[in-house]
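What follows is each chain in one-letter form.
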Amino acid sequence: MASDQSEEETIDRFLDQFRIDDPKSFRLADRDPGSTDGVRNKKAAAERLEQGVARLSDLQTRLAAQQTYGVILVLQALDAAGKDGAIRHVMTGLNPQGVRVVSFKSPSTEELAHHYLWRIDRDLPRRGEIGIFNRSHYEEVLAVRVHPEFLDAQHLPPSATKGIWTRRFREINDWERGLVASGFPIVKVFLHMSKDEQRRRLLSRIDEPAKNWKFSALDVKERQSWDEYQDVYEDAIRNTSTKTAPWYVVPADAKWFARLVIAEALAAALIDIDPQFPTLSDEARDALAEQRVQLEQS
């Protein structure tokens, strides 16, 4: 037990610098996207990530066996920030059968005909599962805010657009609070990348043939709204980082560092749950003993 407490405290101290516990004073400009504080180099991060993935594997097994909790990992970022790569690395040590990865793209006509949280509810993980959201319900207070035409497509009544962002922040906070109370803790990660690093990554998608398939002209177009996205991300984090579901603003210029922080944040949520293997009743143990005898004699 002492070892578990020490491990939990070590992870929590590491994550303190990224978790937004005082959202009202949060400023995105104060956060260095190139920081790798707490980790010496890429090799040290790789070793630590390998240990973290092994830890996640054990915790996931217990989570699946207990069937009481589910965990939701939300990844939000601008284009080329490394969401897909982070998912691949976190998934390395997890059992795919117990993980549900959902990529939330532009809503379909069917999805637009419902409340904006409908499609998120539909893809929530079950108890015993880890759900990973590549983008999420936060697009409704980010991309939709930068592009008012997206809001027009939702065909809201005029009265629903008054004070809409304040109301959506409140709705999201209430919705997340309800999920956590029901046994579905949420780990929310914003991958904070610099504008220069995004340029470098987008150019590599043009210059390197193996990455051409990743390139989209839309990414370049969205880059023109860089400042607006910085503003709406800051505002969203300030209004939705709660004690129940805090945000982690993770430096993302060094992908190896961002992946480590994400794995540690997910591990922290699972350690806090402390899932346990079910304990069998005396009757169940007796039944197993009988089955053992039969197997040995067959």
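Here is what the cut-offs are and how they apply
Residues numbered from 1 in each chain as written. Predicted model: local features only at pLDDT ≥ 70, side-chain atom pairs only at ≥ 80, totals over all residues. Heavy atoms only, no water. Salt bridge = Lys/Arg side-chain N within 4 Å of Asp/Glu carboxyl O. Helix = DSSP H or I, 4+ residues; strand = E, 2+ residues; numbered from the N terminus. Buried < 20%, exposed > 50% of the residue type's maximum accessible area, 1.4 Å probe, protein only. Axes fitted to C-alpha atoms, helices over the stretch in contact; angles between N-to-C directions. Parallel < 35°, antiparallel > 145°, perpendicular 65-115°, else oblique. Left-handed = near helix turned anticlockwise from the far one by under 90°. Contact = heavy atoms within 4.5 Å. Nonpolar A, V, L, I, M, F, W, Y, C, P; charged D, E, K, R; others polar. Patch = residues over 30% accessible without salt bridge, like charges linked within 9 Å, V, L, I, M, F, W, Y side chains within 5 Å. Areas by Shrake-Rupley, 256 points an atom, 1.4 Å probe, with all protein chains shown as cover. Lys, Arg positive; Asp, Glu negative; His and termini not counted. Charge placed at Lys NZ, Arg CZ, Asp CG, Glu CD. Pairing = 2+ DSSP bridges. Expected span 1.5 Å × (residues − 1). Polar contact = N/O pair within 3.5 Å; in protein donor to acceptor, adjacent residues only side chain to side chain.

1. Details of the pattern of salt bridges
Opposite charge on two side chains allows them to pair when their charged atoms are near. Applying the stated rule across the entire model yields 25 salt bridges. Residue Asp-174 pairs with Arg-177 through a salt bridge whose shortest N-O separation is 2.8 Å. With Asp-174 and Arg-177 both in helix 8 (residues 164–181) and three residues apart, the pair spans about one turn of that helix. Asp-174 gets classed as partly exposed once you look at its relative accessible area, which sits at 42%. Residues Arg-201 and Glu-197 are paired through a salt bridge, measuring 2.7 Å at the closest nitrogen-oxygen approach. Linking Arg-201 with Glu-197, this pair stays in helix 9 (residues 195–207), spanning four residues, or about one helical turn. Under the relative-accessibility criterion, Glu-197 is labelled buried at 11%.

2. Section: the packing of helix 2 (residues 42–66) against helix 12 (residues 255–273)
At a minimum axis separation of 9 Å, helix 2 and helix 12 run at an interaxial angle of 30°. Considering their axes alone, helix 2 and helix 12 lie roughly parallel with respect to each other. For helix 2 against helix 12, the interelement crossing comes out left-handed. The residues of helix 12 that touch helix 2, namely those facing Lys-42, Ala-45, Arg-48, Leu-49, Arg-55, Leu-56, Leu-59, Leu-63 and Gln-66, are Trp-256, Arg-259, Leu-260, Ala-263, Glu-264, Leu-266, Ala-267, Leu-270, Ile-271 and Ile-273. Its residues assigned to classes, the contact of helix 2 with helix 12 comprises 13 nonpolar, one polar and five charged.

3. With respect to a negative patch on the surface
A contiguous patch of negative charge on the surface is contributed by Asp-282, Glu-283, Asp-286 and Glu-290. Checked against the element boundaries, Glu-290 lands in helix 13 (residues 282–297). Assessed through its relative accessible area of 52%, Glu-290 is described here as exposed.

4. Brief notes about the sheet that holds strand 1 (residues 71–77)
The parallel open sheet is built from five strands, whose spatial order is 2-3-1-4-5. The two strands at the open ends of the sheet, each matched to only one other strand, are strand 2 (99–103) and strand 5 (247–251). Strand-to-strand twist of the sheet, defined as the mean angle between neighbouring strand axes without regard to direction, takes the value 20°. Where strand 4 (residues 186–192) meets strand 5, five bridges bridge the pair, whose relative direction is parallel. For Phe-190, the partnering residue across the bridge sits in strand 5 and is Val-249.

5. Some points on helix 12
Owing to its 3.6 residues per turn, the α-helix aligns residues three or four sequence positions apart on the same side. With 19 residues, helix 12 ought to run about 27 Å at 1.5 Å a step, and its terminal C-alpha atoms sit 28 Å apart, in line with that. Across the 19 residues that make up helix 12, a large majority, 15, are buried. Positive backbone phi, approximately 55°, marks Asp-274, located one or two places after helix 12.

6. Some points on the environment of Arg-177
Residue classification places Arg-177 among the partly exposed positions, given a relative accessible area of 40%. Separated by 24 residues in the primary sequence, Arg-177 and Ala-153 place their C-alpha atoms 28 Å from one another. Looking at Arg-177, its side chain comes within polar contact range of the side chain of Asp-174, at 2.8 Å.

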